[in-house]
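So you can see what is in the structure, the chains are spelled out below.
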There are 2 protein chains.
Amino acid sequence: MKKLFLLAIAFMAMGLVMSAQGVFLAPTVASPEIAKDGSVTFKLKAPAADSVRLIIDSRVDTLMKRTGNETWSITLRDLEPDLYMYYYIVDGLKVLDQENAQVLRDVKTVMSTFVLDPKGDSPVATHDVPHGKVEAVWYDSPTLKTKRRMMVYLPAGYDEGRQKYPVFYLLHGTGGDETVWLEQGHAAQVLDNLIAEGKAEPMIVVMPNGHTDTPAAPGLGPNSNEQPTFAHKQWMEGTFESSFNDIVSWIDNNYRTRAAKRYRAIAGLSMGGYHTLYISANQPDDFAYVGLFSAAIGRMDQGKSKIYDDLEDKLITQFKQRPRLYWIGIGKDDFLYKDNVNFRGMMDKNRLRYTYYESGAGHEWANWRDYLVIFTQLLFK
Amino acid sequence: MKKLFLLAIAFMAMGLVMSAQGVFLAPTVASPEIAKDGSVTFKLKAPAADSVRLIIDSRVDTLMKRTGNETWSITLRDLEPDLYMYYYIVDGLKVLDQENAQVLRDVKTVMSTFVLDPKGDSPVATHDVPHGKVEAVWYDSPTLKTKRRMMVYLPAGYDEGRQKYPVFYLLHGTGGDETVWLEQGHAAQVLDNLIAEGKAEPMIVVMPNGHTDTPAAPGLGPNSNEQPTFAHKQWMEGTFESSFNDIVSWIDNNYRTRAAKRYRAIAGLSMGGYHTLYISANQPDDFAYVGLFSAAIGRMDQGKSKIYDDLEDKLITQFKQRPRLYWIGIGKDDFLYKDNVNFRGMMDKNRLRYTYYESGAGHEWANWRDYLVIFTQLLFK
C-alpha cells in the first residue's frame, strides 16, 4: 500500500504537466544512450515519419534508420569527448530528443544536449573536484545609464580567505549573452578542472552581456512581453567597448581583485573577439593578456566610433608595453579565416608578436571550448 | 560595403549552427506575439501537418487553425499575467515553438515559455527595480559525505553593508532540482519585486537539491554520461531531512544570516512540502515560519526513517512553541487535496493553528508562484 502510494505520487508528479493529454506518459525509449566505449545511440519514436535526420552541431548530419515499428535509431562510434548539441529533422520539422530533458539555446535555436566523457577526463565535464561558485549579478553602468546583468565565476576557496585574485574578462559572440560561456562554453567546469589540476591559476572570470541594447539574456530583462529579435542594433558600433570600464570598476569595487594590468586578461569569441581587440587596443594600460577567438576582425574602418579609429597606431602603442600574451585562435574553415590572415599580416608587418593557434573546423563552440582550455592555462603565470 | 559586411556577419553568425542545412535560415513567422491588450498569438510553420494542437500548462489544450498555405495559428485573449509553458503536438509529435528561443524544463519535458506582463505589474516579471544576486554554490555535506549544489538568492544591497539577513529555505518537488524555483518559480523576480515595493522583508533565499541521490540538476553533476532517470530512489525516505542541518550550518557559516529560529522560514512544494513538514516537526527550535505548498503529505507512517515516526506528537511539541506562521496552501483540483484535508483534520483535532489558503486548479506552477508571492509577504514581520 505504501509502495502503491509512492508509485502513485511518482506517476502523478512526473506525468503532471501532460497528464491531461496522456501523450508522454507511457515509458518510451532511452536517448541518447552512451556506452562505456563512448559510442552514442540516438533513438526517436516517430511512427508516422517518412524520414528522420540527426544533426549534431556542424559535426554530424545523417539519416536515421527505422529500427522497429515506431522507432528510428542510429549509433555513432567516433565522437570525441565534448559537449554536443543536436536535434532531429522529422519530415522537415525540427524536433528535440523527446527522451532527453537537457537542452541549450544557440542564438535562437534550441537543441538537445549531452556531455560525452567516457574516460572521466574531459575538461568540460563536471568532476569531483573543488567547485567555484557562479554569481548572476546586476551592475550599474553609469555610461549606459542602466542596470545590466552579468555572470561572475569565483574560484573554489574564494569565500574562505582574504586573498586577491586576477580577473579574466570573457566575452561572447553576437548570438550569445552573459549566460552562453557558462552554458555552451562550460566555463565553470573548465575553470574548476584546470585549477584543481594545477594547470590554471585561481582566477575570477567575468562574463558580461556584450549587446548594449539589451540589459540581460532573452527573457531575463524587463519588458518580458517583447520577443527577442536576435538582430541587435548595438553590437559592434562602439557602445560596449566605450562602456567597458563600468564593468571593470564595478568588479574591482565588489570583489577581491588584483586591480592592475598584470592581473587582467580579456578574451572573446567572434564579436567578443572584435570587442576584445578594440578594448585592449584603446586601453593599453589595462590588460596584460589578450585572446582573440575566431575574432570578427573584418574591417578596421568601421568608423562609427572613435574606438575604431587608428587601430594600427593603437596596436603599436599597445605592443610597446609588450603584452604578456596576445593570443589569436581560429579554425581553418572559419568564414572569418581570411580576415584573420589579413590582420596577422598587419601585425607581422609591424613586428607585433602574438601566439597563433590554428585549429580544424569553423566558427563553432567545439573550437571555443578548446581555445578556452588552452588560453586559460597561459594566464597569470 | 561596410553594411554588407555587417549583414554578412549577422547572417552567418545567426545561421551558423544550421548553415550546413539551410533549414532555418529563411525569416519565418513571429511567435508568440503579445499584443498591448495582453492577447497572445501563436504561430507554427508546418506545411505538411494534418493537425496541430497547442498545449499550455494544464490551462489550454486547443486545436490550431491553418492560416495560410504553411502556417498554423491561434490567438488567445484571456490569459492572466504569469509565466507560461507550452508546446505543439504536430501529428502526434511534440514540437517546440520554432520561433521562440526561450525554453524551460518541467521534470523531463522541455517546453517553450514566455512571461505575460501586459501592464508591467506582474510579480513574476523582471522590472526595473534593484536586483538581488543569485549564486550557484557547492556545499559540503558531512552527513552525506559529498559535495552538493544549491542556489542562493541574496537581496539587493547585500554586498554594500554589514547587515544580517533572515533566511528562507525554499524546497522543490520530486520533478525539480535546485534550479526550478528560479526557472519556473521566478523566485528571484518575485523577491526583487516584493522587496522593492516594501511588501517583503529583505531576506536570503536558499534553494537546495532535495534528491540526495543526485548532487546537482541533470547535466550539472559528475557522471555526465549518465542519463537522468527522473525516478529518484532517495526522495521521501529521510536522507534529505536528516542531512538538512548540513545546509543550515553551511549557510550560517558562509553568509551574514540572523541565525535564530525567529529569522528562519522553510517552505516547499509537493515533495518539498513533505520535506518541510518533517524537517520543521523534527527541529521545533529551528523554524518560526513554515509553508506547505500542495504538500505531498499523504501517509504519515512512511516508517523508513525515525524522521517520520510520531508526527502527531512532534507537531504538538512544535506548536507548544507557537510557530509565528504555519501556512498550508493547496488547489481544489490537486490530487493531494484529500490528503491535505485529512492532515488539517488532525491539526484541527489537536487545536494546532495554521493559516489555510485554498486556490483553484491543481498541482501546478501557476499555484506555486502564487503561493510564493503570498507566503513571502508574511515572513519576518
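Only a predicted model underlies this, so the values are computations on that prediction, with no experimental measurement involved.

Trainee: How do you make sense of the overall build of chain A when you look at a structure like this?
Mentor: On a plain count of helices and strands, chain A comes out with nine helices and 18 strands. Across the 381 residues that make up chain A, the buried fraction comes to 60%. The contacts in chain A between residues at least 6 apart in sequence include a share of 71% that link residues at least 24 apart.

Trainee: Explain the environment of B:M85 here, please?
Mentor: Its location among the elements puts B:M85 in strand β7 (residues 82-90). It is 29 Å that separates the C-alpha atoms of B:M85 and B:V290, two residues lying 205 residues apart in sequence.

Trainee: Would you mind going over the pattern of salt bridges with me for this structure?
Mentor: Once the charged atoms of two side chains with opposite charge are near each other, the side chains can pair. One pass over the full model with this rule turns up 32 salt bridges over all chains. Two residues, A:R53 and A:D61, come together in a salt bridge whose shortest N-O distance is 3.1 Å. For the salt bridge of A:R149 with A:E178, the shortest nitrogen-to-oxygen distance reads 2.9 Å. A residue pair is termed long-range when its members are at least 10 positions apart, and A:R149 in strand β12 (residues 146-154) and A:E178 in the loop between β13 (167-171) and α2 (180-183) qualify at 29 residues. Exposure class is identical for A:R149 and A:E178. Each is buried. Sharing partners across several salt bridges, the network here consists of A:K133, A:E135, A:D159, B:K133, B:E135 and B:D159.

Trainee: Looking at this structure, how should I read the packing of helix α6 (residues 271-282) of chain B against helix α7 (residues 311-320) of chain B?
Mentor: Residues and elements named next belong to chain B. The N-to-C vectors of α6 and α7 enclose an angle of 60°; their axes lie 8 Å apart at closest approach. Of the two elements, α6 crosses α7, and the hand of that crossing is left-handed. Seen from α6, the contacting residues are L277, Y278, S280, A281 and N282; seen from α7, they are L311, K314, L315 and Q318. Looking at the contact of α6 with α7 residue by residue, the class counts come to five nonpolar, three polar and one charged.

Trainee: Got a minute to help me understand the sheet that holds strand β1 (residues 33-34) of chain B in this structure?
Mentor: Strand pairing in a sheet is mediated by backbone hydrogen bonds. Such pairs are either parallel or antiparallel. Residue and element names in this part refer to chain B. Taken in spatial order, the four strands make up an open sheet running β1-β2-β6-β5, and their pairing is antiparallel. Sheet topology places β1 and β5 (65-66) at the edges, where each strand pairs with a single neighbour. Here β5 runs beside strand β6 (residues 71-76); their pairing, made up of two bridges, is antiparallel. Of the residues in β6, the one forming a bridge with R66 is W72.

Trainee: Got a minute to help me understand helix α7 (residues 311-320) of chain A in this structure?
Mentor: Residues spaced three or four apart along an α-helix point in a common direction, a consequence of the helix completing one turn every 3.6 residues. All names here are of chain A. The complete set of buried residues in α7 reads L311, K314, L315, Q318 and F319. The arc that holds the buried residues of α7, viewed along the axis, is 130°, so those residues lie on one side. Turning to α7, the residues buried within the fold contact α6 (271-282), β16 (289-293), β17 (325-331) and α8 (337-349). One or two residues past the end of α7 sits R322, with phi positive at roughly 40°.

Trainee: Explanation requested: the sheet that holds strand β1 (residues 33-34) of chain A in the structure shown.
Mentor: Within the open sheet, the four strands sit side by side as β1-β2-β6-β5 (chain A). Their pairing is antiparallel. Here the strands that pair on one side only, and so sit at the sheet edges, are β1 and β5 (65-66) of chain A.

Trainee: Mind showing me how you'd approach the environment of A:L54 here?
Mentor: Residues and elements named next belong to chain A. With respect to the helices and strands, L54 occurs in strand β3 (residues 52-56). Classification of L54 as buried rests on a relative accessible area of 0%. For the pair L54 and F335, spaced 281 residues apart in the sequence, the C-alpha separation amounts to 24 Å. When neighbours within four sequence positions are excluded, L54 is seen to be in contact with F42, V60, D61, T62, M64, I74, L76, Y86, Y87 and Y88.

Trainee: Before we go on, may I ask you to explain the nonpolar core in this structure?
Mentor: Side chains of a nonpolar character, in soluble globular proteins, are inclined to be buried together. Counting 94 residues, the largest nonpolar core has A:F168, A:W181, B:F168, B:W181 and B:F293 as its most contacted members. When residues no more than four places from it in sequence are discounted, the contact partners of B:W181 are B:L170, B:L171, B:H172, B:H186, B:A187, B:M207, B:L269, B:F293, B:W365, B:W368 and B:L372.

Trainee: What exactly am I supposed to notice about a negative patch on the surface here?
Mentor: Taken together, the side chains of A:D50, A:D91, B:D50 and B:D91 define an acidic patch exposed on the protein surface. By the element assignment, A:D91 lies in the loop between β7 (82-90) and β8 (93-95).

Trainee: Even after reading the chapter, I still don't get the packing of aromatic side chains, so can you show me in this structure?
Mentor: Geometrically, a pair of aromatic rings is defined through the distance of the ring centres and the angle of the planes. Residue and element names in this part refer to chain A. The full count for this structure, using the stated rule, is 58 aromatic pairs over all chains. Their ring planes at 65° and their centres at 6.0 Å tell us that W327 and F375 sit as a pair that is edge-to-face. Of this pair, W327 sits in strand β17 while F375 sits in helix α9 (residues 365-376); the two residues are 48 residues apart in sequence, bridging distant segments of the chain. For W327, a relative accessible area of 2% puts it in the buried group. Geometrically, the ring pair formed by W365 and W368 is edge-to-face, given 5.3 Å between the ring centres and 85° between the ring planes. Of the two residues, W365 and W368 are both situated in helix α9; the distance of three residues between them amounts to about one turn of the helix. There is no split in this pair, since W365 and W368 are both buried. Members of the aromatic cluster, each reached through a chain of ring pairs, are F168, W181, F293, W327, Y357, W365, W368, Y371 and F375.

Trainee: I'm lost on the environment of A:M150 in this one. Help?
Mentor: Here A:M150 is to be found in strand β12. Ignoring sequence-local partners within four residues, the contact set of A:M150 consists of A:E135, A:A136, A:V137, A:Y139, A:E178, A:V206, A:M207, A:P208, A:I247, A:W250 and A:I251.

Trainee: Which parts of the structure should I look at to understand the confidence of the model for chain A?
Mentor: Detail in the predicted coordinates should be disregarded across regions flagged by low pLDDT. Residue and element names in this part refer to chain A. Summing up the model confidence of chain A, the mean pLDDT is 89 and the portion of residues at 70 or higher is 90%. Per-residue pLDDT stays below 50 along residues 1-27; that stretch engages in 48 contacts with residues further than four places along the chain or on separate chains. With pTM at 0.90, the complex prediction returns an ipTM value of 0.86.

Trainee: Can you walk me through α8(A) in this structure?
Mentor: Residue and element names in this part refer to chain A. With 13 residues, α8 should cover 18 Å at 1.5 Å per step; its first-to-last C-alpha distance of 18 Å lies within 8% of that length. Those residues of α8 not exposed but buried are N340, F343, R344, M346 and M347. The buried residues of α8 all sit within an arc of 155° when viewed along its axis, so they share a single face. With respect to the buried face of α8, the exposed residues turned more than 90 degrees away are K338 and K349. Considering only its buried residues, α8 is in contact with α6, β16, α7, β17 and β18 (355-359).

Trainee: What exactly am I supposed to notice about the side chain of A:S39 here?
Mentor: All names here are of chain A. You can see S39 is positioned in the loop between β1 and β2 (40-45). Among the polar contacts made by the side chain of S39, one reaches the side chain of D37 at a distance of 2.9 Å. In contact with S39, not counting residues within four places along its chain, are E33, I34, T75, L76 and R77.

Trainee: Help me understand the pairing of strand β2 (residues 40-45) of chain B, please; the structure alone is not making it clear to me.
Mentor: Every other side chain in a regular strand lies on the same face of the sheet, so the side chains alternate between the two faces. Residue and element names in this part refer to chain B. Pairing geometry for β1 and β2, over two bridges, is antiparallel. Within β2, the residue paired with E33 across the bridge is T41. The hairpin formed by β1 and β2 contains five residues between the paired strands, and G38 there has a positive phi angle of roughly 90°. Pairing geometry for β2 and β6, over six bridges, is antiparallel.

Trainee: Help me understand the side chain of A:H131 in this model?
Mentor: Looking at where A:H131 falls in the secondary structure, it is placed in the loop between β10 (109-116) and β11 (133-141). Reaching out from A:H131, the side chain makes a polar contact with the backbone oxygen of A:H127 at a distance of 3.5 Å. Among the polar contacts listed, one links the side chain of A:H131 to the side chain of A:D192, at a separation of 2.9 Å. Excluding residues that lie within four positions of it along the chain, A:H131 makes contacts with A:T126, A:A156, A:D192, B:W138 and B:K147.

About the thresholds
- Residues numbered from 1 in each chain as written.
- Chains lettered and ligands numbered in written order.
- Predicted model: local features only at pLDDT ≥ 70, side-chain atom pairs only at ≥ 80, totals over all residues.
- Heavy atoms only, no water.
- Helix = DSSP H or I, 4+ residues; strand = E, 2+ residues; numbered from the N terminus.
- Buried < 20%, exposed > 50% of the residue type's maximum accessible area, 1.4 Å probe, protein only.
- Contact = heavy atoms within 4.5 Å.
- Salt bridge = Lys/Arg side-chain N within 4 Å of Asp/Glu carboxyl O.
- Axes fitted to C-alpha atoms, helices over the stretch in contact; angles between N-to-C directions.
- Left-handed = near helix turned anticlockwise from the far one by under 90°.
- Nonpolar A, V, L, I, M, F, W, Y, C, P; charged D, E, K, R; others polar.
- Pairing = 2+ DSSP bridges.
- Arc of directions from axis to C-beta.
- Core = buried A, V, L, I, M, F, W, Y, C linked by side-chain atoms within 4.5 Å.
- Patch = residues over 30% accessible without salt bridge, like charges linked within 9 Å, V, L, I, M, F, W, Y side chains within 5 Å.
- Areas by Shrake-Rupley, 256 points an atom, 1.4 Å probe, with all protein chains shown as cover.
- Lys, Arg positive; Asp, Glu negative; His and termini not counted.
- Charge placed at Lys NZ, Arg CZ, Asp CG, Glu CD.
- Phe/Tyr/Trp six-rings, centres within 6.5 Å; stacked < 30°, edge-to-face > 60°.
- pLDDT = per-residue confidence, 0-100.
- Expected span 1.5 Å × (residues − 1).
- Polar contact = N/O pair within 3.5 Å; in protein donor to acceptor, adjacent residues only side chain to side chain.

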